[in-house]
Amino acid sequence: MTTPKTTTQNSETRAVLADVLRQEAEAVARLSDGLDDGPTAEAWDAAVSLIQDCSGHVVVSGMGKSGLVGAKISATLSSLGIPSHVVHPADAVHGDLGAIRQDDVVMLLSYSGGTRELVELAAILQADGVPRLGITRGNDTPLAKLCDVHLSLGDLDEAGPLSLAPTTSTTATMACGDALAIAVAHARS
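What counts and what doesn't
Residues numbered from 1 in each chain as written. Predicted model: local features only at pLDDT ≥ 70, side-chain atom pairs only at ≥ 80, totals over all residues. Heavy atoms only, no water. Helix = DSSP H or I, 4+ residues; strand = E, 2+ residues; numbered from the N terminus. Rg over C-alpha atoms; globule rule 2.2 N^0.38 Å. Disulfide = S-S within 2.5 Å. Buried < 20%, exposed > 50% of the residue type's maximum accessible area, 1.4 Å probe, protein only. Contact = heavy atoms within 4.5 Å. Patch = residues over 30% accessible without salt bridge, like charges linked within 9 Å, V, L, I, M, F, W, Y side chains within 5 Å. Areas by Shrake-Rupley, 256 points an atom, 1.4 Å probe, with all protein chains shown as cover. Salt bridge = Lys/Arg side-chain N within 4 Å of Asp/Glu carboxyl O. Lys, Arg positive; Asp, Glu negative; His and termini not counted. Charge placed at Lys NZ, Arg CZ, Asp CG, Glu CD. Axes fitted to C-alpha atoms, helices over the stretch in contact; angles between N-to-C directions. Parallel < 35°, antiparallel > 145°, perpendicular 65-115°, else oblique. Left-handed = near helix turned anticlockwise from the far one by under 90°. Pairing = 2+ DSSP bridges. Nonpolar A, V, L, I, M, F, W, Y, C, P; charged D, E, K, R; others polar.

Student: Describe the overall build of the protein chain, listing the residues and the values that go with them.
Tutor: Regarding its fold elements, the protein chain presents seven helices and five strands. Going residue by residue from the N terminus, the α and β elements of the protein chain occur as α-α-β-α-β-α-β-α-β-α-β-α. Taken against the 2.2 N^0.38 rule, which gives 16 Å for 189 residues, the C-alpha radius of gyration of the protein chain at 18 Å falls within 12% of a compact globule. Judged by the C-alpha coordinates and their principal axes, the protein chain covers about 60 × 40 × 35 Å.

Student: Before we move on, could you go through the state of the cysteines and cite the residues and values that matter?
Tutor: The final tally for this structure, using the stated rule, is zero disulfides. Of all cysteine sulfurs, the one in Cys147 lies closest to Cys54, which takes part in no disulfide; the gap is 15 Å. Here Cys176 stays free of any disulfide, with the sulfur of Cys147 as its closest cysteine sulfur at 13 Å.

Student: Just give me the short version of the side chain of Ser61, but keep the residues and values in it.
Tutor: Secondary-structure assignment places Ser61 in strand E1 (residues 58-62). For Ser61, a relative accessible area of 1% corresponds to the buried category. Ser61 has contacts with Val87, His88, Pro89, Met107, Leu108, Leu109, Leu118 and Leu121, leaving out every residue within four places of it along the chain.

Student: Give a detailed account of a negative patch on the surface, specifying residues and quantitative values.
Tutor: Side chains of Asp33, Asp36, Asp37, Glu42 and Asp45 sit close together on the surface and give a patch of like negative charge. Looking at the element boundaries, Asp33 is found in helix H1 (residues 7-33).

Student: Kindly report on the packing of helix H3 (residues 64-79) against helix H7 (residues 168-188), identifying the contributing residues and their values.
Tutor: In contact at an axis separation of 9 Å, H3 and H7 are set at 20 degrees when each is read in the N-to-C sense. In terms of orientation, H3 and H7 fall into the roughly parallel class. For the pair H3 and H7, the sense of crossing is right-handed. Side by side, H3 and H7 meet where Lys65, Val69, Lys72, Ile73, Thr76 and Leu77 of the first sit next to Thr170, Thr173, Met174, Gly177, Asp178 and Ala181 of the second.

Student: Describe the side chain of Thr167, with residues and values.
Tutor: By the element assignment, Thr167 lies in the loop between strand E5 (149-152) and H7. Every residue in contact with Thr167, bar those within four places of it in the chain, is listed here: Glu24, Glu158 and Ala159.

Student: I'd like a description of the pattern of salt bridges, backed by residues and values.
Tutor: Throughout the structure, instances matching the rule amount to five salt bridges. Of the charged contacts in the structure, one is a salt bridge between Asp178 and Lys72, with a shortest N-O distance of 2.5 Å. In this pair, Asp178 sits in helix H7 while Lys72 sits in helix H3, placing the two residues 106 residues apart along the sequence. The partner of Glu117 in a salt bridge is Arg116, and the shortest N-O contact between them spans 3.2 Å. Members of the salt-bridge network, linked through shared partners, are Arg116, Glu117 and Glu120.

Student: Run through the pairing of strand E3 (residues 105-109), naming residues and quoting values.
Tutor: Taken across its five residues, E3 has five buried, putting it largely inside the fold. Across the two faces of E3 the burial is the same, with Val105, Met107 and Leu109 and Val106 and Leu108 all buried. Summarising the sheet, E1 and E3 pair through five bridges and their orientation is parallel. Each bridged residue has a counterpart across the sheet, and for Val58 the counterpart in E3 is Val105.

Student: So, the environment of Leu31: which residues are in play, and what are the values?
Tutor: In this fold, Leu31 is placed in helix H1. Leu31 sits 122 residues away from Leu153 along the chain, and the two C-alpha atoms are 6.9 Å apart. In this view, Leu31 contacts Ser152, Leu153, Ala172 and Cys176; residues no more than four positions away in its chain are not counted.

Student: Any chance you could break down the packing of H1 against H7 for me, citing the residues and the numbers?
Tutor: Think of two packed helices as two axes; the pair is described by the angle between the axes and how far apart they sit. The contact between H1 and H7 brings their axes to 9 Å, and the two run at 40 degrees. The angle between H1 and H7 places the two elements in the oblique class. Of the two elements, H1 crosses H7, and the hand of that crossing is right-handed. On H7, the residues touching Gln23, Glu24, Ala27, Val28 and Leu31 of H1 are Thr168, Thr171, Ala172, Ala175 and Cys176. Classifying every residue of the contact of H1 with H7 by side-chain character gives six nonpolar, three polar and one charged.

Written out as C-alpha cells, the structure reads:
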C-alpha cells in the first residue's frame, strides 16, 4: 500500500510541472516571435520553400533524442502527404547513403550543431549537392555552416534543476518540424 503524498509534496511537484511547461512554452513562443520580419523570417520562408519544392523525400536525420524527434517529424510529414523517411546519421556515413537521392531534402537535427556524425553527413551531402536544412541552437554552429538553409532555436535552458535531459530543445525542435510540415501542407493545398 502506498502512502499518500502530503500537501507540501504535491505543491512542490506541481511547481516543477508548471515550471517545465512554462519553460517549454516560452521557447516555442520565442520561435514564433521571430517570424515577424528579418533574417529569421527569411530563413523560415526558405525552409518552407525548400521542402515545398522537394520532388523526392524529406529525409530526417539526428542522433539520440534529436533522432527520436526526427522520427516524429518524419511521421508528421508523411501523414500530411509529404514523402519522408528517417536515416540514422551513423548508418548513412557507414554505407547507407543510398537511402538519400539527389532530389531529396535532408533535414539535419542537432541542438548543439556539433554532433560529429551529423556534421560528417552534412559535409558528404554538400559535396554531393543534396539540399540540406539544419535545425540547431545557432547560426554559428559547424552544422549550420554546412546547410543551405538553417533554423536557429537560440540558446535554451533545458527544463529541470540540472538542465541534464533534452527537454526544452527537443520540444522546440519538434515544434519547428510541426510548423514546417503544416506550412508546406497548407502551401500545397
